[in-house]
Amino acid sequence: MGYDSLLSNDRQWVVQLADEGGSEVGHLYAFPVDGGAGTDLTAERDAYVVRGVAFSADGSILVTSIVDESGYHLLVIPARPWGPARVLASTADESWWPRVSADGRLVSADTTDHVPGLRRPAVTVYDAESAEPVAVLDDLPAGPVRAVRFSPVSGDSRLLLATERTGFTRPAVWDPVTGERADFSLPSLRGEVIPLDWDARHGRILVLHVEGGIHHLGLLDTATGDVEIGRA
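Just so it is clear, the structure is predicted and the values come from calculations on it, not from any experiment.

A.B. asks: Can you explain the overall build of the protein chain? Please cite residues and give values.
C.D. replies: Looking only at helices and strands, the protein chain features zero helices and 20 strands. On C-alpha atoms alone, the protein chain measures out to a radius of gyration of 18 Å, which is about the 17 Å that the 2.2 N^0.38 rule sets for 232 residues. With respect to the principal axes defined by its C-alpha atoms, the protein chain has extents near 55 × 40 × 35 Å. Counting across all 232 residues of the protein chain, residues that qualify as buried make up 49%. A separation threshold of at least 6 residues defines the contact pool for the protein chain, and within that pool the share at least 24 residues apart is 32%.

Put into structure tokens, the structure is as follows:
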């Protein structure tokens, strides 16, 4: 077995890449936590490398980004019950780290179609049902942008981002449906401020402040833009 394991929201399944020989090339399986045979989630596909796996907050779907000899593929897999994987998007250019909205309606990926061969990603958001692109957020030439997580609130289409428009990593919140975006430049802080997680209900973002090799956790208030950094 290889790759990181992912526990389903109902705590009934462990999703893991089965890669005999430890090559990190294989198939995703769902294994029941109480033992028993696993379910091959992509039985019809050739072996592949995994570049990200995520469940929707409601547990309805699993999304994964895989790489095989034909390119990069974004897959949606029904999870309640397990169903056949659908291809949401395929590209010859790098595409990784899928995120999925709480209600399973939107799926994002960090994509490089706009700059093939360069790891300066944009964020592309797709409709999980129709596979149609909803929006693309491209921060170039200012810098790359990466998705961190969708709001955990069902019906909330906002997405937490890590941007580099200021020259350092900073948080931003973007709604791919409305186009509304809020950036937090935090000019009082030097170094990186990396968004880690998000309590969208209460408007708080967990951040990691990195300056001079020193790491501190902090909380950002999205309503005021104020940030409180913990100090030892």
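A.B. asks: I'd love a proper account of unusual backbone geometry, names of residues and values included.
C.D. replies: The omega angle of the peptide bond from R80 to P81 is 0°, so this bond is cis rather than trans. Considering the arrangement of structural elements, one finds P81 in the loop between β7 (71–78) and β8 (86–91). Residue P141 is bonded to the preceding L140 through a cis peptide linkage, with omega at 10°. Within the element layout of this structure, P141 appears in the loop between β12 (133–137) and β13 (145–150). Positive phi outside glycine occurs at W97, with the angle close to 50°. With respect to the element layout, W97 can be found in strand β9 (residues 95–100).

A.B. asks: So what's going on with the sheet that holds β7? Which residues, and what values?
C.D. replies: The antiparallel open sheet is built from four strands, whose spatial order is β5-β6-β7-β8. Strands at the two margins of the open sheet, each flanked by one partner only, are β5 (49–55) and β8. Across the sheet, the mean angle from the axis of one strand to that of its neighbour is 15°, orientation sign disregarded. With five bridges joining them, β7 and β8 adopt antiparallel strand pairing.

A.B. asks: So, a nonpolar patch on the surface: which residues are in play, and what are the values?
C.D. replies: Taken together, the side chains of L196, L206, L217 and L219 define a hydrophobic patch exposed on the protein surface, amounting to about 320 Å² of accessible area. The topology assignment puts L206 in strand β18 (residues 204–211).

A.B. asks: Pulling in residues and values, what's your account of the packing of aromatic side chains?
C.D. replies: Aromatic ring pairs are reported here in terms of the distance separating the ring centres and the angle at which the planes meet. In total, this model carries three aromatic pairs according to the counting rule given. Between W13 and W82, the ring centres sit 5.8 Å apart and the planes meet at 85°, which makes this aromatic pair edge-to-face. Highlighted residues: W13 in strand β2 (residues 13–18) and W82 in the loop between β7 and β8, separated in sequence by 69 residues. Taking the centre distance of 5.7 Å and the plane angle of 20° together, the rings of Y29 and F31 count as stacked. Residue classification places Y29 among the partly exposed residues on the basis of a relative accessible area of 25%.

A.B. asks: Tell me about the pattern of salt bridges, and please be specific about residues and values.
C.D. replies: Applying the stated criterion across every chain yields a total of nine salt bridges. R204 is the salt-bridge partner of D221, the closest N and O atoms lying 3.2 Å from each other. Within this pair, whereas D221 is found in strand β19 (residues 214–221), its partner R204 is found in strand β18, the two being separated by 17 residues in sequence. Via salt bridges that share partners, D139, R165, R181 and D183 belong to a single interconnected network.

A.B. asks: Tell me about the side chain of S151, and name the residues and values.
C.D. replies: Note on placement: S151 falls in the loop between β13 and β14 (159–163). Separated by 2.9 Å, the side chains of S151 and D156 make a polar contact.

A.B. asks: Can you tell me about the pairing of β19, naming the residues and giving the values?
C.D. replies: Relative to β19, β18 runs antiparallel, the two sharing eight bridges. In the strand pairing of β19, R204 is matched with D221. The antiparallel pairing of β18 with β19 creates a hairpin that spans two residues between the two strands, and G212 there sits at a positive phi of about 60°. The sheet contact formed by β19 and strand β20 (residues 227–229) spans three bridges and is antiparallel. What sits directly across from L220, in β20, is V227. Counting the residues in the hairpin turn of β19 and β20 gives five residues, including G225, whose phi is positive at 80°.

A.B. asks: Run through the sheet that holds β20, naming residues and quoting values.
C.D. replies: Read across the sheet, four strands follow the order β17-β18-β19-β20 without closing on themselves; strand pairing throughout is antiparallel. In this open sheet, the two strands that pair with only one neighbour each are β17 (192–199) and β20. Neighbour-to-neighbour, the strand axes of this sheet turn through a mean angle of 25°, independent of strand direction.

Calculation rules
- Residues numbered from 1 in each chain as written.
- Predicted model: local features only at pLDDT ≥ 70, side-chain atom pairs only at ≥ 80, totals over all residues.
- Heavy atoms only, no water.
- Helix = DSSP H or I, 4+ residues; strand = E, 2+ residues; numbered from the N terminus.
- Rg over C-alpha atoms; globule rule 2.2 N^0.38 Å.
- Buried < 20%, exposed > 50% of the residue type's maximum accessible area, 1.4 Å probe, protein only.
- Contact = heavy atoms within 4.5 Å.
- Pairing = 2+ DSSP bridges.
- Axes fitted to C-alpha atoms, helices over the stretch in contact; angles between N-to-C directions.
- Patch = residues over 30% accessible without salt bridge, like charges linked within 9 Å, V, L, I, M, F, W, Y side chains within 5 Å.
- Areas by Shrake-Rupley, 256 points an atom, 1.4 Å probe, with all protein chains shown as cover.
- Salt bridge = Lys/Arg side-chain N within 4 Å of Asp/Glu carboxyl O.
- Phe/Tyr/Trp six-rings, centres within 6.5 Å; stacked < 30°, edge-to-face > 60°.
- Polar contact = N/O pair within 3.5 Å; in protein donor to acceptor, adjacent residues only side chain to side chain.

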